[in-house]
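Letter by letter, the chains look like this.
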Amino acid sequence: MSEQPVMVFQDVTKVYPLPAGDVTALDGVSFQVDRGEFISIMGPSGSGKSTLLNLMGCLDIPTTGDIFISGTRIGDMSDIELTNLRRDRIGFIFQYFNLFPLLNIIENVTFPMMLKSQKAVDPEKGKEVLRSVQLDDSLFTHTPTELSGGQQQRVAIARALINNPDILLCDEPTGNLDSKTGAGIMDLMTELNRNGTTIIMVTHDPHIAEYSRRTTRIADGRIVL
Amino acid sequence: MIFWEIAKRNIRINVLRSSLAMLGIVIGVVAIASMGILGNSLVASVSDSLSSVGDSVIVTPYSGGGGRGFGSASSSANLKITEQNFQQIKRVAAPNVAIPIYQTAEHMKIGVGSDDIVAVIYGLPSDDVPDLLNLKEGVYNNGNSGCLIGPTFAKDHNLIVGSRISIGTNGDKGTLRVTGIIEERGMSFDISTDSALVVTKEWFENTYNRDADYDEVVVKVKDGDTASMKIAIEKQLNKRKDMKIVNVMDSKATLATIYSTFGMVTTFVTAIGGISMVVAGVSIFNVMMMSVTERIKEIGIMRSIGTQKKEVMSMFIYEAAIIGVIGSTIGGVMSIMAGYAISALILNTTKHLFTIANALSVAEGMGFGIVICLACGFYPAWRAANLNPIEALRHE
Ligand SMILES: Nc1ncnc2c1ncn2[C@@H]1O[C@H](COP(=O)(O)OP(=O)(O)O)[C@@H](O)[C@H]1O
Ligand SMILES: [Mg+2]
């Protein structure tokens, strides 16, 4: 099991059919992510980064080629199966934190766990993870808007981790933070990775990319080395 | 679980908007339920005043058209039921009693110098009176110059047992003494005595120079099978289709027709109430669409971290259901109050309020309210669930 790659892309192509002509957003992309890696993906605007992240996050399926998440091929999965895969195997971290404004911090963090168990979750589970991302106990019952950007992103990371995903997908995780707070988040991610979490991060900031152990560049829908 | 909680909180956060949508439902439920209550109470109060009619068949002279109207108007033409026809009816009716009835409208005065009034006078055989009428005061009248009066007539003109009434424009038809006051009978198909006088057959025949040419014959049907009695009488008297002699009215069947007419009226006004519910439905739809549109991004986040379509859908259905249940409950309570007010104002009584029919009307209004909310919440919820997660996530 631990020998198996977390993610495999085999000759993946993504074409968006448009009236004015098809747009090939990804063109024959192949790569592999092993357990415990910390990869950053860089590339100019329009190069296909978001498309790639959507495919890795099982939000979309490829036009041609195969994608395997922990050995499972996602090409012909139903929407229900893909949704369960996102819930159980993937943790998402967004540029704008994307917490639920109607839920407090603990509820935000335990949300994916409630989806999985289909019942109420012991708040202690959420508190445990929140402490592991170094969020102060006094904030646990606040709502997201009462927290600073850096604190919100820590909550988002805790939410992404709560179901023990195989992989953490980050889309410009520091893009909306000042550099000092961003560095704090990157230190946390580095520590998580050191403890075994596999991370893939899209960024355009070379300083942020330096935190990762491997950088992949993409241009015009192709991986360039 | 969590989606129920989110739905509740979203309603609380948008309390004004949600209350307005609820208000629509409240109005819709009140409109439907109170119309239903009004209709039911109307039927109940009518059946109350008709209950003393009992099972009777009323035979009147054939008047060509569709028979007589409700409440028995005196046949203006000289259409009468002859003694021979009466004997035929009597034979068919036996062992039930057939009561021949005279009827006219007459001027009269009560006391010296009082105003001239006009009232209906019925003449029927003394022996038959107890079969048809009950007294609340006094005794049945056997003498020729005695009469019975209806309770409304007695009250309106301050009459008691022993009072005297001078009959005719100038008292030219003699004086009648009140021997008894009849119990209230309400509206009825045979004779309406509440505001009338009842005299003996002999007095009527002598005074008006009548001889066995009756205005109406009432058959009291003991076993309740008025339909068969009606058929039997018609068969006997209206042998020739082109020369009918009598109209025969079955009180029970007529009552049934009246009830079904009331039923239709109730259904119709309830349907009008239903229109306000449709309007309420439109506002629920609007609120739900708003709720979905302003949360597209949130839906995208939910879907991307593993929320199933049906879970997104349930969240919005819960929201519509909460609005529906709260609105309908308030509406249910208010429609009972509205029903109370309407009954008290229009029917002057609230004794028909707490009935099964009214409970059903309220339940119907509430059920319709909840169903409308769910139906109008369904499409917005479906839209939310089927948003493309990638586009929803990008939404700002
Ligand atoms: N939903 C879509 N429909 C049509 N074309 C799209 C869609 N998403 C992306 N594209 C196109 O695919 C290419 C890659 O876009 P994207 O993956 O968003 O690049 P990046 O995130 O690196 O800026 C662009 O040319 C973009 O216009
Ligand atoms: Mg992009």
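Residues numbered from 1 in each chain as written. Chains lettered and ligands numbered in written order. Predicted model: local features only at pLDDT ≥ 70, side-chain atom pairs only at ≥ 80, totals over all residues. Heavy atoms only, no water.

### Observations regarding the confidence of the model for chain B
Residue and element names in this part refer to chain B. Averaged over all residues, the pLDDT of chain B is 85; the fraction at 70 or higher stands at 94%. Here helix H7 (residues 226-237) stands out as the element of chain B with the lowest mean pLDDT, 80, in contrast to helix H9 (residues 296-304), whose mean of 96 is the highest. Throughout residues 66-76 the model reports pLDDT below 50, and contacts reaching past four residues in sequence, or to other chains, amount to 18 contacts. Prediction confidence for the complex, expressed as pTM and ipTM, is 0.77 and 0.94 respectively. (pLDDT = per-residue confidence, 0-100. Helix = DSSP H or I, 4+ residues; strand = E, 2+ residues; numbered from the N terminus. Contact = heavy atoms within 4.5 Å.)

### Describing the pattern of salt bridges
As a working rule, side chains carrying opposite charge can pair if their charged atoms are close by. Residue and element names in this part refer to chain A. Across all of its chains, the model carries 22 salt bridges over all chains by this definition. Two residues, Asp88 and Lys116, come together in a salt bridge whose shortest N-O distance is 4.0 Å. Here Asp88 is found in helix H2 (residues 79-89), whereas its partner Lys116 is found in helix H3 (residues 105-117), with 28 residues between them in sequence. The closest approach of N and O atoms between Arg131 and Asp137, which form a salt bridge, is 2.8 Å. For Arg131, a relative accessible area of 40% gives the class partly exposed. (Salt bridge = Lys/Arg side-chain N within 4 Å of Asp/Glu carboxyl O. Buried < 20%, exposed > 50% of the residue type's maximum accessible area, 1.4 Å probe, protein only.)

### Concerning the site of ligand 1
Surveying the vicinity of ligand 1 reveals 13 residues, the closest of which are Gly46(A), Gly48(A), Lys49(A), Ser50(A) and Thr51(A). Surrounding ligand 1 is a set of residues that belongs to chains A and B. Ser47(A) is positioned with one of its backbone polar atoms (N or O) 3.2 Å from an oxygen atom of ligand 1. A distance of 2.5 Å separates an oxygen atom of ligand 1 from a polar atom in the side chain of Thr51(A). In isolation ligand 1 exposes 560 Å². Once the protein is present, 69% of that is buried. Breaking the shell around ligand 1 down by element, the ones donating at least two residues are strand E2 (23-33) and helix H1 (49-56) of chain A. For the shell around ligand 1, the per-class residue count stands at 5 nonpolar, 6 polar and 2 charged. (Near = heavy atom within 4 Å. Polar contact = N/O pair within 3.5 Å; in protein donor to acceptor, adjacent residues only side chain to side chain. Areas by Shrake-Rupley, 256 points an atom, 1.4 Å probe, with all protein chains shown as cover. Nonpolar A, V, L, I, M, F, W, Y, C, P; charged D, E, K, R; others polar.)

### Description of the sheet that holds strand E6 (residues 90-93) of chain A
All names here are of chain A. With mixed pairing, the 6 strands of this open sheet are ordered in space as E6-E7-E8-E3-E9-E10. Each edge of the open sheet is held by one strand with a lone partner, namely E6 and strand E10 (222-224). Here the average twist between neighbouring strands, direction ignored, is 25 degrees. Summarising the sheet, strand E7 (residues 167-171) and strand E8 (residues 198-202) pair through 5 bridges and their orientation is parallel. Of the residues in E8, the one forming a bridge with Cys170 is Met201. Strands in contact with helix H5 (residues 149-161) are E6 and E7; relative to E6, the strand with the most contacts, it is inclined by about 165 degrees. (Pairing = 2+ DSSP bridges. Axes fitted to C-alpha atoms, helices over the stretch in contact; angles between N-to-C directions.)

### A few points about the interface of chain A and chain B
A common way to express how large an interface is: the accessible area buried when the components associate. Taken residue by residue, the interface counts 25 residues in chain A and 23 residues in chain B. For the pair chain A and chain B, the summed buried surface comes to about 2300 Å²; carbon and sulfur atoms form 66% of the total. Among the residues of chain A in contact with chain B, Leu59(A), Phe100(A) and Leu102(A) are the three that bury the most area, contributing 27% of the side total. The tally of links between chain A and chain B comes to 2 salt bridges. Where chain A meets chain B, there are 9 residue pairs in polar contact (both at pLDDT 80 or more). (Buried area = accessible area lost by both parts, 1.4 Å probe.)

### Thoughts on helix H3 (residues 83-93) of chain B
Residues and elements named next belong to chain B. Listing the buried residues of H3 in full gives Asn85, Phe86, Gln88, Ile89 and Ala93. All buried residues of H3 fall inside an arc of 160 degrees around its axis, so they share one side. Summarising the geometry of H3, the exposed residues directed more than 90 degrees from the buried face are Gln84 and Arg91. Next to the buried residues of H3 lie strand E1 (56-61), strand E2 (81-82), strand E3 (98-109), strand E10 (213-214), strand E11 (216-220) and H7. (Arc of directions from axis to C-beta.)

### Here's the deal with the environment of Gln153(A)
Residues and elements named next belong to chain A. Tracing the sequence through the fold places Gln153 in helix H5. Among the residues examined, Gln153 registers a relative accessible area of 0% and is labelled buried. Each C-alpha atom of the pair Gln153 and Arg222 lies 30 Å from the other, and the pair is 69 residues apart in sequence. Non-local contacts of Gln153, meaning those with residues more than four positions away in its chain, are made with Ile93, Phe94, Gln95, Phe97, Pro173, Leu177 and Ile185. Among the polar contacts made by the side chain of Gln153, one reaches the main-chain carbonyl oxygen of Phe94 at a distance of 2.9 Å.

### With respect to the sheet that holds E2(A)
The strands making up a sheet are joined through hydrogen bonds of the backbone, oriented either antiparallel or parallel. With antiparallel pairing, 4 strands are arranged side by side in an open sheet as E2-E1-E4-E5 (chain A). Strands with a single pairing partner mark the edges of an open sheet, and in this sheet they are E2 and strand E5 (72-73) of chain A.

### Here's the deal with the packing of H3(A) against helix H4 (residues 123-132) of chain A
Residues and elements named next belong to chain A. In the contact formed by H3 and H4, the axes pass within 9 Å of each other and the chain directions differ by 105 degrees. Judged on the interaxial angle alone, H4 and H3 are roughly perpendicular. Residues Ile105, Ile106, Val109, Thr110 and Met113 of H3 form the contact with H4, whose participating residues are Pro123, Lys125, Gly126, Lys127 and Leu130. Of the residues that constitute the contact of H3 with H4, the class distribution is 6 nonpolar, 2 polar and 2 charged. (Parallel < 35°, antiparallel > 145°, perpendicular 65-115°, else oblique.)

### Regarding the nonpolar core
Counting residues in hydrophobic clusters, the biggest one holds 108 residues, and the most contacted among them are Phe9(A), Met56(A), Phe111(A) and Met189(A). With sequence-adjacent residues up to four places away left out, Phe111(A) is seen in contact with Phe100(A), Leu103(A), Ile2(B), Phe3(B), Ile6(B), Met302(B), Ile305(B) and Thr307(B). Ranked by size, the runner-up nonpolar core spans 38 residues in total, among them Val57(B), Met108(B), Val178(B) and Ile181(B). (Core = buried A, V, L, I, M, F, W, Y, C linked by side-chain atoms within 4.5 Å.)

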